[in-house]
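Residues per chain are reported as follows:
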Amino acid sequence: MRQIKWIICLLSMSLLLSACNLGGPAQPEEEIPAEDLDTASQPTVTILSPSDGSNFVVDEEIPVSVSATDAIGVTRVQLFANGSLVRTVSSEFSEGEVSYEGVLNFTPRSEGEFTLRVIAFRDSISSPPIQITVNVGDEDITVTQRPDDNTGNGSNGGNNAPVIPNDGVCRALTLVGLNFRAQPTTTRDNVITTFAQNTLLTIVGRLGDNSWWQVNSSSGIGWISGNTAFVSLSGNCSNVPIQTVVLNTPTPFPTSTPLPTNTPLPTNTPLPTNTPIPGNPDLTVRSISIDENIVIPSGETEVEIEVIITVKNDGDEESPQFDVELIVEGDPDVVYDVASVGNLGAGAIITLDVDVTFDAPGEYDIQVNVDPENEVAEGGEFNNRGDVTVTVTNEE
């Protein structure tokens, strides 16, 4: 009898342990796919105008108004027409902007249907592309939407765009929020205010290389950047007077030394002045922005592509005037004089653009040289060059 009780007890314990194991081993938590994480961290971009299917005219500028956002900062936005890069707008700030609105212009040179695609970037991370299709015809086309209409989607860049008088006066329209400065330089704390996008300003002066425009506003007379990514000009600006500017450099006061009690100062002995020890500028090519796959449109013999060049002074002293050139290597090489920069302060960045023409398919090495004649004494001469390779094909 006692053996039967032991057998029943053992069977009960066995059933109990089996029941505990019915759930099986614990399953690991499901991981979020890496591609979903990447998508969540991408910038986003929206085309505000024109609307999909709008009609335009050959050789008439099409302003594409965009809005882009990123949790860290949008550093640039690019516009492609039928797969070719036609415009790049970079942020005025090196760290980018969390919320960015601007206008990227495109001028069609032939009739047909054009697919306009916009991509926003945070450095090398791109947004999902967004695109629309527009129709381009001759002057007899029935236009359903023109960039100078009153819908707020006009050529002046987005909502509440001002009407630009046709009186020949040179004016600047801000395409983005733009700093208004007391001096034509970004190296000093000289910001008076910030103009909102679509602010129309009268130009009263300029630097010789048109890198800065002097404007008259309700906040007084000051300077705005001449970068075409930030401003659009109207009227006759060729007669605007060139201003000679001497940048105001703060002069440090000499350190006061306490005098001994009842000790008179020597007669006619000037106090010593602190003389700062000058450093050296260091000009570098920070980036060359161009579509690496370029297509010559069907029926065309060449294509013109905009190249955006970013140059920075990594040194601790303002640079004197220097030149920037772009070379398309070939047989023979084609040299473009990009700009002659008046000066660039320590730590300052300048963005330059140049249109480059390709008339044959092939692989091209593009070389950008800053201070090609080595006229500026720098901290280092090894970083004055940048290179990028592009491939040009004919549209099939």
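Details of the structure are given in the entry above.
Residues numbered from 1 in each chain as written. Predicted model: local features only at pLDDT ≥ 70, side-chain atom pairs only at ≥ 80, totals over all residues. Heavy atoms only, no water.

Asks: Residue-level account of the pairing of strand β9 (residues 130–137), with values.
Replies: Look at any regular strand and the pattern is simple: side chains alternate between the two faces of the sheet. By the bridge criterion, 3 bridges tie strand β2 (residues 55–57) to β9 in an arrangement that is parallel. Opposite Phe56, over in β9, you have Val136 as the bridge partner. Bridge analysis of strand β7 (residues 112–122) against β9 gives 7 bridges, and the strand direction is antiparallel. Of the residues in β9, the one forming a bridge with Thr115 is Thr133. (Pairing = 2+ DSSP bridges. Helix = DSSP H or I, 4+ residues; strand = E, 2+ residues; numbered from the N terminus.)

Asks: Would you mind going over the packing of aromatic side chains in detail, with residue names and values included?
Replies: In this structure the tally under the stated criterion is 3 aromatic pairs. Between the aromatic rings of Phe180 and Phe195, the centroid separation amounts to 4.8 Å while the plane-to-plane angle is 40°, which identifies the pairing as tilted. Here the residue Phe180 occupies a position in strand β11 (residues 178–181), and Phe195 occupies one in strand β12 (residues 191–195), the gap between them amounting to 15 residues. Positioned above the aromatic ring of Phe121, the side-chain terminus of Arg76 is 4.0 Å from the ring centre. Here the guanidinium or amino end of Arg117 rests over the ring plane of Phe80, the centre of that ring lying 4.7 Å away. (Phe/Tyr/Trp six-rings, centres within 6.5 Å; stacked < 30°, edge-to-face > 60°. Lys NZ or Arg CZ within 6 Å of the ring centre and 35° of its normal.)

Asks: Explain a negative patch on the surface to me, using residue names and the numbers behind them.
Replies: Residues Glu300, Glu302, Glu304, Asp355 and Asp359 make up a contiguous surface patch of negative charge. Mapped onto the secondary structure, Glu304 falls in strand β19 (residues 303–313). Owing to a relative accessible area of 52%, Glu304 belongs among the exposed residues under this scheme. (Patch = residues over 30% accessible without salt bridge, like charges linked within 9 Å, V, L, I, M, F, W, Y side chains within 5 Å. Areas by Shrake-Rupley, 256 points an atom, 1.4 Å probe, with all protein chains shown as cover. Salt bridge = Lys/Arg side-chain N within 4 Å of Asp/Glu carboxyl O. Lys, Arg positive; Asp, Glu negative; His and termini not counted. Charge placed at Lys NZ, Arg CZ, Asp CG, Glu CD. Buried < 20%, exposed > 50% of the residue type's maximum accessible area, 1.4 Å probe, protein only.)

Asks: Got a sec to walk through the pattern of salt bridges? Specific residues and values, please.
Replies: Here the structure, examined in full by the defined rule, presents 6 salt bridges. Across the pair Asp59 and Arg109 runs a salt bridge whose closest N-O atoms are separated by 3.1 Å. Placement of Asp59 in the loop between β2 and β3 (62–74) and of Arg109 in the loop between β6 (97–106) and β7 is noted, with a sequence separation of 50 residues between them. The shortest N-O distance in the salt bridge between Arg286 and Asp314 comes to 3.9 Å. Highlighted residues: Arg286 in strand β17 (residues 283–289) and Asp314 in the loop between β19 and β20 (322–328), separated in sequence by 28 residues. The exposure class assigned to Arg286 is partly exposed, which follows from its relative accessible area of 47%. Here the salt bridges share partners, and the residues they tie into one network are Arg286, Lys312 and Asp314.

Asks: Tell me about the sheet that holds strand β24 (residues 385–394), residues and numbers included.
Replies: With mixed pairing, 5 strands are arranged side by side in an open sheet as β18-β24-β23-β20-β21. With one partner strand each, in any of the chains shown, β18 (293–296) and β21 (334–341) form the two edges of the open sheet. Between one strand and the next, the sheet's axes are offset by a mean angle of 25°, whatever the strand orientation. Strand direction decides the pairing type here: β20 and strand β23 (residues 362–370), joined by 5 bridges, are antiparallel. Looking at β23, one finds that Glu325 is bridged to Asn369. (Axes fitted to C-alpha atoms, helices over the stretch in contact; angles between N-to-C directions.)

Asks: Describe the environment of Ser94, listing the residues and the values that go with them.
Replies: With respect to the helices and strands, the residue Ser94 is situated in the loop between β5 (84–90) and β6. Distance in space between the C-alpha atoms of Ser94 and Asp123 is 9.7 Å, their sequence separation being 29 residues. Apart from the residues within four sequence positions on either side, Ser94 is in contact with Thr75 and Ile349. (Contact = heavy atoms within 4.5 Å.)

Asks: Which residues make up unusual backbone geometry, and what values do they have?
Replies: Looking along the chain, the bond that leaves Ser49 and enters Pro50 is cis, with omega of 0°. Secondary-structure assignment places Pro50 in the loop between β1 (44–49) and β2. The omega torsion across Asp331 and Pro332 is 5°, close enough to zero to call that bond cis. If you trace the backbone, Pro332 turns up in the loop between β20 and β21. A positive phi angle, close to 60°, is found at Asn210, a residue other than glycine. By the element assignment, Asn210 lies in the loop between β13 (200–206) and β14 (212–217).

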